[in-house]
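Architecture and fold: a report
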Amino acid sequence: MSKANKSNKAIKYRLYPNDEQKVMFAKTFGCCRFVYNQLLALQKQRYKDGESHLSKLKSNEFATRTLKKDYDFLKEIDKFAVSNAVFHLADAYDRFFKKQNHFPKFKSKRKSKPSFYVDTSKVQFSDTHVKLEKIADSTRRNRAKANWIKLAEHNKIPLNVKYYNPRVTFDGLNWWISVGIECD
């Protein structure tokens, strides 16, 4: 089948995480916000000192080497979520210098929307559940079912398609996963 016959579609499904999974979601949201704010503070200081801002790769290197060494709680979450927070800040900085946006602001616990991206290769869907890396990763065989997060709708997710850009969000009441799919 040619690429011209394929299209992209975004889907969003409600999640029903258990208590352990909710805690990991909250940790991941908080860690992504923490890394974003730490890097923004560093970038602001470099800007005041007349230095150039860090590139995406240098920012990611700072987050993965320096911050993870200093803050052990960052090791508990998926590294892809942290990297995406770094890349979002780098993009915001680039847009600021191109005069497309205002200067980036610190993310507030109360005002910013809790969300994080998941590595596309680490997402698995079934008819009724989704599995995300580092969310309730039980290695015991009898607890393997706990690694899967229940979906609100059953048999609605296309299974043999390419997924991209999976994102978990919380709207204050419900948990959601949105994902892009490539379909015919």
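Placed above this text is the structure.
Small disclaimer: the values here were computed from a predicted structure and weren't measured.

Rules behind the numbers
Residues numbered from 1 in each chain as written. Predicted model: local features only at pLDDT ≥ 70, side-chain atom pairs only at ≥ 80, totals over all residues. Heavy atoms only, no water. Helix = DSSP H or I, 4+ residues; strand = E, 2+ residues; numbered from the N terminus. Buried < 20%, exposed > 50% of the residue type's maximum accessible area, 1.4 Å probe, protein only. Contact = heavy atoms within 4.5 Å. Areas by Shrake-Rupley, 256 points an atom, 1.4 Å probe, with all protein chains shown as cover. Lys, Arg positive; Asp, Glu negative; His and termini not counted. Charge placed at Lys NZ, Arg CZ, Asp CG, Glu CD. 1 Å grid on protein atoms, 1.4 Å probe; cavity = no way out; pocket = protein on both sides within 12 Å on 5 of 7 lines; lining within 4 Å. Points joined across faces, edges and corners; volume = space filled by probe spheres on them. Nonpolar A, V, L, I, M, F, W, Y, C, P; charged D, E, K, R; others polar.

**A look at the overall build of the chain**
Scanning the chain for helices and strands turns up three helices and seven strands. Here the C-alpha coordinates of the chain stretch approximately 55 × 45 × 30 Å along the principal axes. Taking all 184 residues of the chain together, 36% fall into the buried category. Of the contacts formed within the chain by residues at least 6 apart in sequence, a portion of 71% connects residues at least 24 apart. Accessible area for the chain stands at about 11,500 Å²; split by element, carbon and sulfur atoms hold 49% of it. Of note, the chain has its 38 positive side-chain charges centred 3 Å away from the centre of its 19 negative side-chain charges.

**Describing empty space enclosed by the protein**
Under the defined criterion, the tally for this structure stands at one cavity of 30 Å³ or more. Empty space within the largest cavity amounts to approximately 50 Å³. Lining the largest cavity are 10 residues, with Asp78, Phe116, Val118, Glu133 and Ile135 sitting closest to its centre. Its residues assigned to classes, the lining of the largest cavity shows six nonpolar, one polar and three charged.

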